[in-house]
Amino acid sequence: MTTHIVTELADRLVDPARVAVTTDAPGNALRTDNGDLTLWTPVGLSDGHPALALLYAELSASDPGLREHTHAHLRAAIASTAPRPGGGLFGGLAAVAFAAHAAATESGGYQAMLTQFDQAISRECQALAARDRAKIANGQAIGGWSGYDVPVGITGVGRHLLARYQLTGSQAVLAALEDVLATLVDIALAGDIDVRGRRMPAWWNHHDTAGIPAEGGGHLNFGMAHGVGGPLALLALAWQAGVAVSRHDEAMLRILSLMRKWQLDDESGPFWPYSVTLDGPSPPGRYREVWCYGAAGIGRALFLAGTALDDASWRETAHDALRGAFTIALTGHNRIRDSGLCHGWAGLLQIASRMAFDTGDRYYTETADELAVRLEKAYDPEAPFGFRYDYPGSVRPLDRPGFLEGAAGIALALHCHATGRPPVTGWDAPLLIS
C-alpha cells in the first residue's frame, strides 16, 4: 500500500504547470487575519517547485527515468523568477540550491549552477552572521526567528552549507558554515539580557509565537522549527561531521542546561513548552507533539546532542521524550490535524525512521510501521495530491503539493519507510533531524 501511494503521488506531481494551477485554484488559500494567503511559491521549499524536485531526486535513486522530472521542476523554479538570497532555507536561493544539491548527490550534474549558488549563499550567511554577532556583542537579544531559526534563519541555511561542505569540501563554504556555527555559539554563551526587569537568555524573541511583535515582551522559543532545538541539532550534526568552532561543545552544554531548566514532566515522560513568556511556560502543558514543536522534534535534537557529546543521560532523556510523544500521538491524545512533515504524521514517521536507523531499536521500527499505517488511512485518492491539509479557519481542506506541509514531504517519508534505509539524497536535512 505504501509503495502504491508513493507511486500515485509521483504521477500526480509530475507536471510543473498543473501542480501550480491546482495549488493556486480559487479557494485554495490560507485564511489569516490579514486576508487569504496564497500557498504557491514557485521558488519555495514548502510549496514550490524545489519541493517537487527534491521528491524526484530521491525517487530517481531507484528509478533513473524520473530524473527528467527533477530537472523539469528545477527549470520551472528558475524560470518563474530569479532565485535571490534571503528567505532562509525554505524560500529563495537556498531552497532551489538545496533541491539541486539533492539532485547532484543522487546523480551528479548541476555543478556550475551549484558553485554559483554556494558563492552567493556563503556571502549572505557571512553578512548575516556578522550582523548577529555584533548584536550579541552589544548585549542585545537575537530578537527574532530570522536570526537563528530553521525555516528562515541561519540554522536552516547552515544545515545546507554543512551538506554542501560534506559533498564538495569547499573551503569557502566551510568558512561560511563556521561563521554560522560561531554565531550560534555566541548566542548560546551570551549573558542574559534584560526584559522588563527580568533576566532572559539571548535567544529571546521580541515577537509572540505567531511572529507578531510583542511590545516590551516576547518569548523564549522551544520548538525545533523556531526555537533552540534547531541550533542545538545543527551544532551536534556539525560536531559529528568534524566541523567545530571555538567553544562549540560548551555552547551545546549551555543549550542543554536551558532545556533541563525548562523541562516539564507528566505520566508520559519529559516535554517542553512551546515557549516561555514573562508569565511562564505557554501553554502550561502539552499541546501537540510533532516535529516543529514539542517532545518529538526536541527529543531528536537531544538524541543528536547526546550522541555528539557521548552523553548517555541525554540520550536516555531523548528516548523518554520520544517514547512519550509517540505514545500520545498514537493513542489519540494528540492534536494532529494533518499528514505533513511539519506538524503531522509524516514528520513523526521520519523521526521514528531516523531513530530506527541510528539505534536499531525495534521499538522505533514498530512505531514507524504504526505511523505509516496512519498515513495510509489518511490517503484520499479523490484529492488532487492524495492528501488534504486541514487548516483551522480555511473554507475547506487545502490541496498542498510541497515539502513541509504537503504531498511531496509525505511521499518522501513514506518512501523512506518503504525502502527501510536512510535517504540517498539526505532530503530530511532541512528538518535538522539528520
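All values derive from a computational prediction rather than experimental measurement.

Attention now moves to the overall build of the chain. Helix and strand content of the chain: 16 helices and nine strands. In terms of C-alpha radius of gyration, the chain reaches 20 Å, essentially the compact-globule figure of 22 Å for 434 residues. When the 434 residues of the chain are sorted by exposure, 59% land in the buried category. Look at the contacts in the chain between residues 6 or more apart in sequence, and 66% of them connect residues 24 or more apart. Only carbon and sulfur atoms are counted for the fraction: they give 50% of the accessible area of the chain, which is about 16,000 Å².

Okay, the sheet that holds strand β9 (residues 280–282) next. One open sheet accounts for three strands, arranged β5-β8-β9; its pairing is antiparallel. A strand with exactly one partner marks an edge of an open sheet, and here the two such strands are β5 (220–221) and β9. One ladder, built from two bridges, connects β5 with strand β8 (residues 275–277); its direction is antiparallel. Bridge pairing in β8 links Asn221 to Ser275.

Along the polypeptide, His101 turns up in helix α5 (residues 93–107). Contact partners of His101, with chain neighbours within four places excluded, come to Leu114, His160, Ala163, Arg164 and Leu167.

A few words now on the UniProt feature "binding site: Zn(2+)" (unreviewed entry) in the chain. Residues annotated in UniProt with the feature "binding site: Zn(2+)" (unreviewed entry) correspond here to Cys292, Cys342 and His343. The greatest C-alpha distance among the residues just named is 6.0 Å, despite their covering 52 residues of sequence, which places them together in space. Inspection of the secondary structure assignment puts Cys292 in the loop between β9 and α12 (295–308). Beyond its immediate stretch of four places on either side in the chain, Cys292 contacts Gly223, Met224, Ala225, Cys342 and His343. Mapping Cys342 onto the fold places it in the loop between α13 (312–330) and α14 (345–359). For Cys342, a relative accessible area of 9% translates into the label buried. With near-sequence residues (within four places) excluded, Cys342 lies in contact with Val290, Trp291, Cys292, Leu404 and Glu405.

Basis of the calculations
- Sequence order as written defines residue numbering, which begins from 1 separately in each chain.
- Confidence filtering applies because this is a predicted model: local features only for residues at pLDDT of at least 70, side-chain atom pairs given and counted only at 80 or more, and all residues used for totals across whole chains, interfaces and linings.
- Hydrogens are left out, water is left out, and the side-chain values use all remaining heavy atoms of the structure.
- We count a stretch as a helix when DSSP gives it H or I for four or more residues in a row; a strand needs E for two or more, and each element gets its number in order from the N terminus.
- Between the two quantities, the radius of gyration covers C-alpha atoms and the globule rule is 2.2 Å times the number of residues to the power 0.38.
- Remark: exposure states derive from per-residue accessible area (1.4 Å probe, protein chains only) relative to the maximum for the residue type, with buried under 20%, exposed over 50%, and partly exposed in between.
- Every residue pair with non-hydrogen atoms within 4.5 Å of one another is taken to be in contact.
- Working definition of accessibility: Shrake-Rupley area with a 1.4 Å probe, residue cover restricted to the visible protein chains.
- We call two strands paired when DSSP finds no fewer than two bridges between them.
- UniProt positions are given in the numbering used here, feature names are shortened, and annotations may be inferred rather than shown by experiment.

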